[in-house]
Amino acid sequence: MTVIANIDISTPTGRKIVRELEKHKRVVQITYPEPIVEEVVEEETISLDEAEEYLWNKLEESYGVDLRTL
């Protein structure tokens, strides 16, 4: 006979039960579910030159003067 149980390991009692079950490796097989990924955010990369140009442009917007010429 096989029993399937869902144990909430976010509680101290749940963690204690799982630790006790892990001691009996011959008869207990524990499977942890994969974490659910809600949304995948794709990151865009830019080159170092583009980042430097962006920085200089932002500084120019803030101070009203091109700081590269100082």
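Residues numbered from 1 in each chain as written. Predicted model: local features only at pLDDT ≥ 70, side-chain atom pairs only at ≥ 80, totals over all residues. Heavy atoms only, no water.

1. Structural notes on the overall build of the chain
A tally of regular secondary structure across the chain gives two helices and zero strands. In terms of overall dimensions, the chain is more spread out than a globule: its C-alpha atoms have a radius of gyration of 27 Å, far above the 11 Å expected for 70 residues. If you line up the chain on its principal axes, its C-alpha atoms span 80 × 25 × 20 Å. The burial tally for the chain puts 3% of its 70 residues in the buried class. By element, 54% of the accessible surface of the chain is carried by carbon and sulfur atoms, the whole surface being about 7400 Å². For the chain, the distance from the average position of its 8 positive side-chain charges to the average position of its 16 negative side-chain charges is 25 Å. (Helix = DSSP H or I, 4+ residues; strand = E, 2+ residues; numbered from the N terminus. Rg over C-alpha atoms; globule rule 2.2 N^0.38 Å. Buried < 20%, exposed > 50% of the residue type's maximum accessible area, 1.4 Å probe, protein only. Areas by Shrake-Rupley, 256 points an atom, 1.4 Å probe, with all protein chains shown as cover. Lys, Arg positive; Asp, Glu negative; His and termini not counted. Charge placed at Lys NZ, Arg CZ, Asp CG, Glu CD.)

2. Re a nonpolar patch on the surface
On the surface, Ile7, Ile9, Ile17, Leu21, Ile30 and Tyr32 cluster together to form a nonpolar patch covering roughly 470 Å² of accessible area. Locating Ile7 in the fold gives a position in the segment before helix H1 (12-22). Here Ile7 falls in the partly exposed class, since its relative accessible area comes to 32%. (Patch = residues over 30% accessible without salt bridge, like charges linked within 9 Å, V, L, I, M, F, W, Y side chains within 5 Å. Salt bridge = Lys/Arg side-chain N within 4 Å of Asp/Glu carboxyl O.)

3. Description of the environment of Thr31
Summarising the element assignment, Thr31 is placed in the loop between H1 and helix H2 (48-63). For Thr31, a relative accessible area of 64% corresponds to the exposed category. Considering only alpha carbons, one finds Thr31 and Thr69, 38 residues apart in sequence, at a separation of 62 Å.

4. Some points on a negative patch on the surface
A surface patch of negative charge is lined by Glu44, Asp49, Glu50 and Glu52. One can find Glu50 in helix H2. Judged by relative accessible area, which is 46%, Glu50 ranks as partly exposed.

5. Some thoughts on the pattern of salt bridges
Under the counting rule described, the total for this entry stands at four salt bridges. Linking Glu53 and Arg68 is a salt bridge whose minimum nitrogen-to-oxygen distance equals 3.1 Å. Taken together, the positions of Glu53 in helix H2 and Arg68 in the segment after H2 put the pair 15 residues apart, joining distant regions of the chain. We classify Glu53 as partly exposed; its relative accessible area is 37%. Since its relative accessible area comes to 36%, Arg68 is described here as partly exposed. Note that Arg68 and Asp66 form a salt bridge whose closest N and O atoms lie 3.2 Å from each other. What makes Asp66 partly exposed here is its relative accessible area of 25%.

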